[in-house]
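# Observations on the three-dimensional arrangement
Residues per chain are reported as follows:
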Amino acid sequence: MSIREHKRNINQCILIRFDIIIVCIIFVRDNVKIAMISIIVPLYNAEKYVHACVESILGQTYKDFELLLVDDGSKDSTGTICDKYANDDHRVRVFHKKNDGPASAKNYGLERAEGQYVIFVNADDFWFSPDTLSTLHGLAEKHHADIVKGEYVYVANKVISRHRMLRDGFAGELSFFLALIRKEKMNGLLFDESFSFDEDPELFARLFCRNLRCVHTPMEFYAHRVHPDTIRAAHKPASLQC
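## Re helix H2 (residues 50-58)
If you check which residues of H2 are buried, you get Val 50, Cys 53, Val 54, Ser 56, Ile 57 and Leu 58. Where the residues of H2 are buried, they touch strand E1 (37-43), strand E2 (65-72), helix H3 (78-88), strand E3 (92-97) and strand E5 (126-127).

Encoded structure:
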């Protein structure tokens, strides 16, 4: 075999292998399913509560989601518990970062979320309804909504204006932990990391400057724990100075 023929055979082999690589990339791209909903849980020293929180999410009847657990520099066994969940369930993604506060942890998860919708859950809280995601997602699709919010006040399912929802937010009735949000509507928006607590209303104020279709439901799905370790409990209104 001449040197020219040998080089030609090598080039052919390279082209064949390149074609195989391209086919594999296309196959992976077309068969890797992106989750519809991204659930973001910021955690810090939550070993006493993380099991109840995560189990309430993994037990949902709606299965098309990814769960992002953002360990914000916990000093207890929170990170280890999260890693075990990730090993046991492919939908769980765990991130470990240095402690920078809840706003930073939420942003960290938001920037890595891949779903069409996002929703947040406090690590020490949980969903007591296994139909939480199916209900919220069903309403979002039915009404082509950008935000669907669970409400403590008993009202009928209805479409409301963004001005009404923003008004409720300033009245203390709005939290990202209660709302399923279309992720594309949050493009370019992040929580203000200078806030040590109550960062949600400030971001909602910026979010509602955008054209949004909003729905709320009387379904009570979110169980919020109040205990001495919570940020809100540590910052009672009477103790704040403005």
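The rest of the description comes next.
## Topic: unusual backbone geometry
Phi is positive for Asn 45, which is not a glycine, with a value near 50 degrees. Along the chain, Asn 45 falls in the loop between E1 and H2. Here Asn 45 falls in the partly exposed class, since its relative accessible area comes to 31%. At His 144, a position not held by glycine, the phi torsion is positive, near 50 degrees. Looking at where His 144 falls in the secondary structure, it is placed in the loop between helix H5 (132-143) and strand E6 (147-150). The class of His 144 is exposed, set by a relative accessible area of 61%.

## Concerning the packing of aromatic side chains
Using the criterion set out here, one finds 4 aromatic pairs in the structure. With centroids separated by 5.5 Å and ring planes inclined at 90 degrees, the aromatic side chains of Phe 120 and Phe 191 adopt a geometry described as edge-to-face. Here the residue Phe 120 occupies a position in strand E4 (residues 117-120), and Phe 191 occupies one in the loop between strand E8 (179-182) and helix H7 (200-207), the gap between them amounting to 71 residues. Each member of the pair Phe 120 and Phe 191 is classed as buried. On the numbers, 6.2 Å between centres and 75 degrees between planes, the contact of Trp 127 with Phe 221 is edge-to-face. Of this pair, Trp 127 sits in strand E5 while Phe 221 sits in the loop between strand E9 (214-217) and strand E10 (222-223); the two residues are 94 residues apart in sequence, bridging distant segments of the chain. A residue is classified by how much of its surface remains accessible, and Trp 127, at 3% relative accessible area, is buried. Under the relative-accessibility criterion, Phe 221 is labelled buried at 1%. Site record: aromatic cluster; members linked through ring pairs are Trp 127, Phe 221 and Tyr 222. Its guanidinium or amino end placed over the ring of Phe 191, Lys 106 lies 4.9 Å from that ring's centre, counting from NZ or CZ. Cation over ring: Arg 112 sits above Tyr 108, and NZ or CZ is 3.5 Å from the ring centre.

Thresholds, definitions, all that
- Residues numbered from 1 in each chain as written.
- Predicted model: local features only at pLDDT ≥ 70, side-chain atom pairs only at ≥ 80, totals over all residues.
- Heavy atoms only, no water.
- Buried < 20%, exposed > 50% of the residue type's maximum accessible area, 1.4 Å probe, protein only.
- Helix = DSSP H or I, 4+ residues; strand = E, 2+ residues; numbered from the N terminus.
- Contact = heavy atoms within 4.5 Å.
- Phe/Tyr/Trp six-rings, centres within 6.5 Å; stacked < 30°, edge-to-face > 60°.
- Lys NZ or Arg CZ within 6 Å of the ring centre and 35° of its normal.

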